[in-house]
Amino acid sequence: MEKFMRLISMSPLLLLLCLPLVLAGHDYGQALSKSILFFEAQRSGYLPHNQRVTWRSNSGLNDGKASGVDLVGGYYDAGDNVKFGLPMAFTITMMSWSILEYGKQLGHTGELGHAIDAVKWGTDYLIKAHPEPNVLYGEVGDGNTDHYCWQRPEDMTTDRRAYRIDQNNPGSDLAGESAAAMAAASMVFRHSNPAYAAELVHHAYQLFDFADKYRGKYDSSITVAQKYYRSISGYNDELLWAAAWLYQASNNQYYLDYLGKNGDSMGGTGWSMTEFGWDVKYAGVQTLVAKFLMQGKAGHHAPVFERYQQKAESFMCGCLGKGNKNVQKTPGGLIFRQRWNNMQFVTSASFLTTVYSDYLASAGRSLRCAAANVAPSELLGFAKSQVDYILGDNPRATSYMVGYGNNYPQQVHHRASSIVSVKDNPSFVSCRGGYATWFSRKASDPNVLTGALVGGPDGYDNFADERDNYEQTEPATYNNAPLLGILARLSGGHGGYNQLLPVVVPAPTKPVAAPQPKVTPAPASSSVPIAVEQKMTTSWTAEGKPYYRYSTVVTNKSDKTLNDLKLSISKLYGPLWGLSKTGNAYGFPSWLNSLPAGKSLEFVYIHSASAADVSVSSYTLG
């Protein structure tokens with residue numbers, strides 16, 4: 001919820017050949033699967049039979065009842081138990097955009113069905129929240145009473161009042177974003193569920209008309225949202241954003257004309273942005289309109305659309321540090337916008353650079369920055385650098401995605417994950433008792449919030465894994481939503497099709513079991529209670545020479561804590577990450593002092609030969 005060592009030394013040649021590909025060594029497919037799974041942990045309402053996050057149970061089953069409307073379902077936005085309409089709708093829009101751009105890649109990974117299910121869980125709720133043309137429920141529960149309590153969603157005793165906008169209490173930003181979400185999602189379902197797609201477009205039409213005719217900021221009508229999701233940018237960006245999505249969904253000239261006629265007066269061609277997110281949509285609008293221009297759809301609006309595109313490219317150049325107005329970055333290279341939940345801006349901006357890279361490549365042109373023209377591949381490379389930082393290539397060697405890698409946040413600011421599952425202990429957790437027993441507990445969360453992207457480090461790459469550090473350890477649905485598209489793109493490759501052609505989302509299919517990589521056991525005595533397993537995870541050719549990335553997992557199979565581990569590694573001819581070296585021996589990395597019973601650590605290395613010889617030299621158990 002909103003509230004105000006990088007590389008070891010190596011030869012220059014090896015660095016040149018390996019560095020861009022070292023970063024490609026992450027398992028983007030695994031990260032993609034986990035990032036989608038996170039949405040199941042955020043579900044409110046009656047959970048389905050195929051629910052995979054099994055430590056969650058039904059919750060919020062009376063939502064909307066006091067107002068005479070069924071508002072059961074939807075998503076909790078972050079680590080709390082409130083359903084906020086504006087960020088929820090933006091989450092649905094960005095998940096849908098991810099599928100529309102990279103559905104083919106999602107299909108290849110076997111995750112398309114899960115991604116579509118995640119969108120539908122949100123749109124089913126939005127349909128309920130829009131019971132009349134000029135009525136939209138925009139919040140269930142409120143942050144003030146919710147923050148007073150630390151309870152599982154299944155135990156909620158907080159106020160579940162429903163808040164709405166209507167023609168007497170308008171909210172153009174909320175209605176506009178909800179229209180965008182339904183329009184974008186309608187294209188996701190157009191081929192697999194055309195009746196549902198038509199229903200979504202119908203709601204989108206009504207919501208856009210409501211937003212445009214009865215103008216006002218939603219947080220002036222739903223004032224309890226002001227402290228958490230205040231609409232700083234106003235509603236003009238959401239009106240343009242909704243028009244862009246409705247044009248794509250309907251091909252109705254009215255919405256293209258709306259973008260052309262209102263671009264100058266509503267800021268679409270005037271604002272040069274360095275951020276994109278649930279509040280500020282201008283960069284997203286500019287990117288979509290630039291796409292329409294490259295598709296040859298601008299017509300007599302071409303001069304206006306070219307001004308949109310100039311602002312879109314200003315954003316892209318700013319991300320690369322090659323514009324007149326550049327984004328701030330940490331010393332480790334991460335986009336830095338603000339100290340609380342900074343990752344939302346990282347993933348949203350990275351998504352825009354990813355899709356714009358593909359738009360440019362499809363159009364056969366380069367990016368025009370202040371200093372020089374830039375190849376589309378550099379934009380994709382930038383997005384990749386941000387994702388790799390998130391997954392662990394950073395000064396702390398920390399993965400900011402829970403459950404990915406071996407060094408990820410353990411004390412997430414999240415009520416459901418920090419309190420024992422109701423299935424394991426059904427005893428009621430009281431409002432204040434949850435703070436005393438669970439919030440203040442200095443231990444890892446009992447439930448792993450797999451795939452959650454937390455707020456992330458500060459402007460100097462520092463991070464404190466503490467539950468009360470909500471600025472850095474709280475996750476959010478809108479952090480993950482743009483990540484789906486980027487990870488699908490990085491995992492599946494381009495796919496060899498034109499990104500400017502009409503979108504067709506393939507039907508989800510059951511994933512084909514991937515061939516298991518060959519496991520090369522390292523030489524180690526069978527009597528040693530430490531297992532060492534290696535496998536090659538990827539390979540490539542650079543300047544005619546093959547290179548291989550090896551992952552090595554060391555597991556403590558004893559019933560005691562492993563201390564003072566020393567490994568011997570021979571026949572290693574390239575860079576290694578994840579261990580510290582003293583003399584000729586390798587030991588725990590700087591961020592790890594010991595390895596508990598049953599736990600593992602992973603390190604990776606790259607060279608152009610078969611696997612290195614890894615063996616245990618010495619260790620102590622205690």
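What this report covers is the structure whose coordinates are included nearby. Given the structure is predicted, the values throughout are model-derived calculations rather than measurements.

### Describing the nonpolar core
Of all hydrophobic cores here, the largest spans 155 residues; its most connected members are Trp97, Trp241, Trp245, Leu259, Phe305 and Leu367. Sorting elements by how many residues they give to this core places helix α3 (residues 85-109) first, with twelve residues. Residues contacting tryptophan 241, with those up to four places away along its chain left out, are Phe90, Thr93, Met94, Trp97, Glu177, Ala180, Phe276, Lys281, Gly284, Val285 and Leu288. Counting 20 residues, the second-largest nonpolar core is a separate cluster that includes Val532, Leu601, Tyr605 and Ala611.

### Thoughts on the state of the cysteines
Applying the stated criterion across every chain, the model contains two disulfides. In this model, cysteine 149 is linked to cysteine 431 through a disulfide, with the two sulfur atoms separated by 1.9 Å. As the torsion about the S-S bond is roughly -85°, the cysteine 149-cysteine 431 disulfide counts as left-handed. Taken together, the positions of cysteine 149 in the loop between α5 (143-148) and β3 (162-165) and cysteine 431 in the loop between α16 (415-418) and α17 (433-439) put the pair 282 residues apart, joining distant regions of the chain. Exposure remark for cysteine 149: the relative accessible area of 6% places this residue in the buried category. On the basis of relative accessible area, cysteine 431 is assigned to the buried category, the value being 14%. Each sulfur in the disulfide pair cysteine 317 and cysteine 369 lies 2.1 Å from the other. Measuring the twist about the S-S bond at about -95°, one finds the cysteine 317-cysteine 369 disulfide to be left-handed.

### Section: the pattern of salt bridges
Counted according to the given criterion, the structure contains 26 salt bridges. One salt bridge in this structure joins aspartate 212 and arginine 215, with 2.6 Å as the shortest N-O distance. Owing to a relative accessible area of 18%, aspartate 212 belongs among the buried residues under this scheme. What makes arginine 215 partly exposed here is its relative accessible area of 39%. Its salt-bridge partner being arginine 339, residue glutamate 471 comes within 3.0 Å of it at the nearest N-O pair. Here the residue glutamate 471 occupies a position in helix α18 (residues 470-473), and arginine 339 occupies one in the loop between α13 (302-320) and α14 (343-363), the gap between them amounting to 132 residues. Given the relative accessible area of 48%, arginine 339 is considered partly exposed. The network of salt bridges with shared partners includes Glu40, Arg43 and Arg52.

### Description of the pairing of strand β9 (residues 562-570)
Inspection of the sheet shows β9 paired to strand β13 (residues 594-595) by two bridges, in the antiparallel sense. Residue pairing for β13: asparagine 563 is matched across the bridge by serine 594. Across seven bridges, β9 lies against strand β15 (residues 613-621) in antiparallel orientation. Bridging from a neighbouring strand, serine 568 pairs with serine 615 of β15.

### Examining the packing of aromatic side chains
All told, the structure shown has 29 aromatic pairs when counted by the stated rule. Feature note: the residues Phe90, Trp97, Trp241, Trp245, Phe276 and Phe351 constitute an aromatic cluster, connected by ring pairs. One cation-aromatic arrangement involves arginine 43 over tryptophan 121; the distance from NZ or CZ to the ring centre is 4.5 Å.

### Digging into the side chain of glutamate 40
Checked against the element boundaries, glutamate 40 lands in helix α2 (residues 28-41). On the basis of relative accessible area, glutamate 40 is assigned to the buried category, the value being 7%. Setting aside anything within four residues of it in sequence, one finds glutamate 40 in contact with Asn50, Gln51, Arg52 and Val53.

### Observations regarding the environment of lysine 213
Along the chain, lysine 213 falls in helix α7 (residues 194-213). Of the residues examined, lysine 213 reaches a relative accessible area of 63% and is grouped as exposed. Counting along the chain gives 41 residues from lysine 213 to serine 172, while the straight-line C-alpha distance between them is 8.7 Å.

### Observations concerning the packing of α3 against helix α4 (residues 112-129)
One way to put it is that α3 packs onto α4 with a least axis distance of 9 Å and a crossing angle of 155°. With respect to α4, the axis of α3 lies roughly antiparallel. Along this stretch, α3 crosses α4, giving a crossing that reads as left-handed. The segment α3 lies against α4, with Met88, Ile92, Met95, Ser96, Ile99, Gly103, Leu106 and Gly107 engaging Leu112, Ala115, Ile116, Ala118, Val119, Gly122, Thr123, Tyr125 and Leu126. Its residues placed into classes, the contact of α3 with α4 shows twelve nonpolar, five polar and no charged.

The rules behind the values
Residues numbered from 1 in each chain as written. Predicted model: local features only at pLDDT ≥ 70, side-chain atom pairs only at ≥ 80, totals over all residues. Heavy atoms only, no water. Core = buried A, V, L, I, M, F, W, Y, C linked by side-chain atoms within 4.5 Å. Buried < 20%, exposed > 50% of the residue type's maximum accessible area, 1.4 Å probe, protein only. Helix = DSSP H or I, 4+ residues; strand = E, 2+ residues; numbered from the N terminus. Contact = heavy atoms within 4.5 Å. Disulfide = S-S within 2.5 Å. Salt bridge = Lys/Arg side-chain N within 4 Å of Asp/Glu carboxyl O. Pairing = 2+ DSSP bridges. Phe/Tyr/Trp six-rings, centres within 6.5 Å; stacked < 30°, edge-to-face > 60°. Lys NZ or Arg CZ within 6 Å of the ring centre and 35° of its normal. Axes fitted to C-alpha atoms, helices over the stretch in contact; angles between N-to-C directions. Parallel < 35°, antiparallel > 145°, perpendicular 65-115°, else oblique. Left-handed = near helix turned anticlockwise from the far one by under 90°. Nonpolar A, V, L, I, M, F, W, Y, C, P; charged D, E, K, R; others polar.

Function-wise, these values are silent; they only describe arrangement.
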